[in-house]
Amino acid sequence: MTILNENKVQAFRNRLYSQDMPEIMRRGGEGLTPVKKYPEDENGYPLVPIKRITRFFLEEMEKAQFVLPDQHIEELYTLFRALIQDLPELSFDIGDSISQEEIQEADNKTTIEFLTTNVIITYFHLAKTNLENRDESLLNPDMQSIMKQSTAGRDYKRLVSNTLKGLIFSLSQDKPWFEYIEDINDADLICRLVGARLPSIEKTTLGAITDKSRQEIAGYNEMFTKLLYTRARTITTEKNKKEYFKSMEKLDTAIYGILKKMDRFLAMAYRLSQILDIPSRFIIGDTFSKLRQNMLWLFFDVWPKAYEQGKMPSQRAVSALRHRMNILFNLPHITRFCREFTQNPAFQTPVNDLFRLLFKALVNNINHVSIEENNNSAGLGSVESALFEIRRAIENFDLHESRLTDEKKEVKTAYISLSYKTDVESIDAVLNLCDMICEVTHDKDREIMVSIRAALMEKSFFTLAEYAAQKVAPKDVIPEISKRLHAFAVHYRPQREFYRIFFDTYVISKPRPNVPHYTRFLISNRPFAQAMLMRFADYKTMKNFLPESYIEKANQLLDDLLKKTRTTAWNPGMEAL
């Protein structure tokens, strides 16, 4: 997880390098001496204080609560790159580094802050001495080299020795296993910042820690199992609905309580596994497989073999699934534990079944969308909700794009069908869902847009045909034609291509029986046909959307139509243009 995201660092950089100050302070006034934000060096460059950079970094690390050594160093790298890139004309007020004596007398937390401060000072000292030649290596800093330079001329053997002695003493204390994690992490980071490595923890000591962790999770899982079996008995035997709902509410509350405890346990287990570079399964112990079975039971409706197949109730309604997923995804570390089911072939079936149910519900929601005159997008809310649910499930379970291809095809087919049902009023709402449709179907190349564009083209013409069948005041015809064409063109991307293909397909192509073409309007609504040509013949309006030759062709067709209109022998059934 990134702590210093791009927006956060950029906002700090803008504040740090900005020279903005209240005008009265900058200009001075009666009784006031003008003030500059930063003092300047001998070259007139503002001196940005390194203390501000150090304070920002340490405060952000403190907000994160727990930061692994690798992450701490990676975040320093991110900060350095962001602050040194495209550096404006300024310099740095480096200040003094923290002395070796101060560092060795400090506690672990303060030692980390002091050593980090020295690394920051070292980097920006390099930047300051290379202001003129703009050393490109600073844009991709070698963190190991910078940390080594920050300790140059100093002997931190005693610091490392004392840190390890303190850790050994801490590990010998009888306390909850997870309280050792911070001590191990701090000791590891101190060693890393001075160029050393934390030795492997002795097996006996590690065994004492994991014995405690295994006892804790075994206790939680035992209670979890009892609650699940009680819940199962209630589901399969309770006939009184009132008593059923009362019992289930109490059980669900108790289950969620134990789940939160297990989620906190897993958070600590994953931390310890990362620090010691050991599998989290080693920390959980023999309970791992039992815990996995219980998670499959609760969240994926995989009942134990102890229950006869006929007695297992169906919990596969979308509402029940949604409820289970809402619980699971509020427990991030249990979600991470369950992610194994996606990757492990032995447990992929229940995950696939879950997604099949979600995709089926999405298809049903899309198929039930009705395009109505007064409620032009009825049902789109449920489609959007279903898309959010699937996207959340894909992100949490890390579903590979190669899975469930048939279900994804059904989603695309339903969505394309919906796009053919849209009208001018609903087109925006429907096509605003396209990005999410592509996301949940893993359509990275947006292949669906080939079919969507065909639907837009076809529907745009039929929308005009529907409008032409109405009685409309002549003054409104051209604006309404423009409005309808634009509604579809804006989603075609690029719009210019939409107008060109529309003109090719429905205007200048040779008319054929039973094939949509503008010439049908010459018979049913000649003023509408004239207005349509006037729209395409308007150079000022169409110059950015049609090639000049097309606009000229539209003018030619319009002139021909006007000539025929003026003849007294106009025959509406004559061959069209």
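Because the structure is a prediction, the values reported are computed rather than measured.

Caption draft 1: Fine view of the overall build of the chain. On a plain count of helices and strands, the chain comes out with 28 helices and two strands. Relative to a compact globule of 577 residues, whose C-alpha radius of gyration would be 25 Å, the chain shows 35 Å and is clearly more extended. In terms of principal-axis extent, the alpha carbons of the chain reach across some 110 × 85 × 45 Å. Evaluated residue by residue, the chain yields a buried proportion of 45% over its 577 residues.

Caption draft 2: Local environment of the environment of Pro516. For Pro516, the location among the structural elements is in the loop between α24 (495–506) and α25 (520–524). Along the chain, Pro516 and Glu395 lie 121 residues apart, while their C-alpha atoms are 44 Å from each other. Beyond its immediate chain neighbours, meaning those up to four positions away, Pro516 contacts Phe461, Phe462, Thr505 and Tyr506.

Caption draft 3: Examining the confidence of the model for the chain more closely. Of all residues in the chain, 90% attain a pLDDT of 70 or more, and the chain-wide mean is 86. Between the elements of the chain, mean pLDDT differs from a low of 48, seen in helix α2 (residues 23–27), to a high of 95, seen in helix α21 (residues 434–440). Low confidence marks residues 24–28, where pLDDT is under 50. Its contacts with residues over four positions away, or in another chain, come to eleven contacts. pLDDT under 50 marks residues 568–577. Its contacts with residues more than four places away, or in other chains, come to 16 contacts.

Caption draft 4: Expanded view of helix α9 (residues 179–193). Taking 1.5 Å of rise per residue, the 15 residues of α9 would be expected to cover 21 Å, and the 23 Å separating its terminal C-alpha atoms lies within 8% of that figure. Judged by how many residues are buried, α9 sits mostly within the fold: twelve of 15 residues are covered. The complete set of buried residues in α9 reads Tyr180, Ile181, Ile184, Asn185, Asp186, Ala187, Asp188, Leu189, Ile190, Cys191, Arg192 and Leu193. For α9, the elements touching its buried residues are α4 (69–84), α6 (108–129), α7 (143–150), α8 (157–172), α10 (203–237) and α11 (241–276). Looking one or two places after α9, you find Gly195, whose phi comes out positive at around 85 degrees.

Caption draft 5: Region of interest: the packing of α4 against α9. Running from N to C, α4 and α9 cross one another at 45 degrees; their axes reach a closest spacing of 9 Å. By the angle class used here, α4 and α9 are oblique. Judged by residue contacts, Pro69, Asp70, His72 and Ile73 of α4 engage Asn185, Asp188, Leu189 and Arg192 from α9. For the contact of α4 with α9, the class distribution of residues is three nonpolar, two polar and three charged.

Caption draft 6: Representation of the packing of aromatic side chains in the model. Counted by the stated rule, this structure contains 31 aromatic pairs. With 5.4 Å between their ring centres and 85 degrees between their planes, Phe498 and Tyr499 make a pair best called edge-to-face. One Lys or Arg, Arg214, reaches over the ring of Phe282 and ends 4.8 Å from the middle of that ring. Note that Arg336 overlies the ring of Tyr270, its terminal NZ or CZ placed 3.9 Å from the centroid.

Caption draft 7: Just a negative patch on the surface, in detail. Among the surface-exposed residues, Glu59, Glu62, Asp107 and Glu113 lie close enough to one another that they form a single negatively charged patch. Note on placement: Glu113 falls in helix α6. Relative accessible area serves as the criterion here: at 37%, Glu113 is assigned to the partly exposed category.

Caption draft 8: Layout of the nonpolar core. Grouped together as the largest cluster of nonpolar side chains are 178 residues, with contacts concentrated most on Phe92, Phe124, Met295, Phe355, Tyr415 and Phe536. The greatest single-element share of this core, amounting to 13 residues, is contributed by α11. Beyond its immediate stretch of four places on either side in the chain, Phe92 contacts Tyr17, Leu47, Val48, Ile50, Ile53, Leu87, Phe124, Ala127 and Lys128.

Caption draft 9: Main features of the state of the cysteines. This model, assessed by the stated rule, comprises zero disulfides. Considering cysteine sulfurs only, Cys438 is the nearest to Cys434, which forms no disulfide, with 4.2 Å between them. Note on Cys434: relative accessible area 4%, which makes it buried.

Caption draft 10: Structural detail: the environment of Ile201. Within the secondary structure layout, Ile201 lies in the loop between α9 and α10. Through-space distance from the C-alpha of Ile201 to that of Leu79 is 32 Å; in sequence the pair is 122 residues apart. Not counting residues within four places of it along the chain, the set of residues in contact with Ile201 comprises Leu171, Ile184, Leu206 and Leu276.

Caption draft 11: Region of the structure containing the side chain of Asp188. Within the fold, Asp188 resides in helix α9. The buried charged residue Asp188 lacks any salt bridge, with Arg192 as its nearest oppositely charged partner at 4.4 Å. Apart from the residues within four sequence positions on either side, Asp188 is in contact with Pro69, Leu198 and Ile275.

Caption draft 12: View of the environment of Asp188. For Asp188, a relative accessible area of 10% gives the class buried. Sequence-wise, Asp188 and Leu198 are ten residues apart; in three dimensions their C-alpha atoms are separated by 5.2 Å.

Caption draft 13: How the structure looks around the pattern of salt bridges. Counted according to the given criterion, the structure contains 23 salt bridges. Across the pair Lys8 and Glu60 runs a salt bridge, and its minimum N-O distance is 3.1 Å. A residue pair is termed long-range when its members are at least 10 positions apart, and Lys8 in helix α1 (residues 6–17) and Glu60 in helix α3 (residues 50–63) qualify at 52 residues. By relative accessible area, Lys8 is classed as partly exposed at 31%. For Arg292, the salt bridge is made with Glu340, and the minimal N-O distance between the two is 3.0 Å. Of the two residues, Arg292 sits in helix α13 (residues 287–300) while Glu340 sits in helix α16 (residues 340–343), which places them 48 residues apart along the sequence.

How each quantity is defined
Residues numbered from 1 in each chain as written. Predicted model: local features only at pLDDT ≥ 70, side-chain atom pairs only at ≥ 80, totals over all residues. Heavy atoms only, no water. Helix = DSSP H or I, 4+ residues; strand = E, 2+ residues; numbered from the N terminus. Rg over C-alpha atoms; globule rule 2.2 N^0.38 Å. Buried < 20%, exposed > 50% of the residue type's maximum accessible area, 1.4 Å probe, protein only. Contact = heavy atoms within 4.5 Å. pLDDT = per-residue confidence, 0-100. Expected span 1.5 Å × (residues − 1). Axes fitted to C-alpha atoms, helices over the stretch in contact; angles between N-to-C directions. Parallel < 35°, antiparallel > 145°, perpendicular 65-115°, else oblique. Nonpolar A, V, L, I, M, F, W, Y, C, P; charged D, E, K, R; others polar. Phe/Tyr/Trp six-rings, centres within 6.5 Å; stacked < 30°, edge-to-face > 60°. Lys NZ or Arg CZ within 6 Å of the ring centre and 35° of its normal. Patch = residues over 30% accessible without salt bridge, like charges linked within 9 Å, V, L, I, M, F, W, Y side chains within 5 Å. Areas by Shrake-Rupley, 256 points an atom, 1.4 Å probe, with all protein chains shown as cover. Salt bridge = Lys/Arg side-chain N within 4 Å of Asp/Glu carboxyl O. Lys, Arg positive; Asp, Glu negative; His and termini not counted. Charge placed at Lys NZ, Arg CZ, Asp CG, Glu CD. Core = buried A, V, L, I, M, F, W, Y, C linked by side-chain atoms within 4.5 Å. Disulfide = S-S within 2.5 Å.

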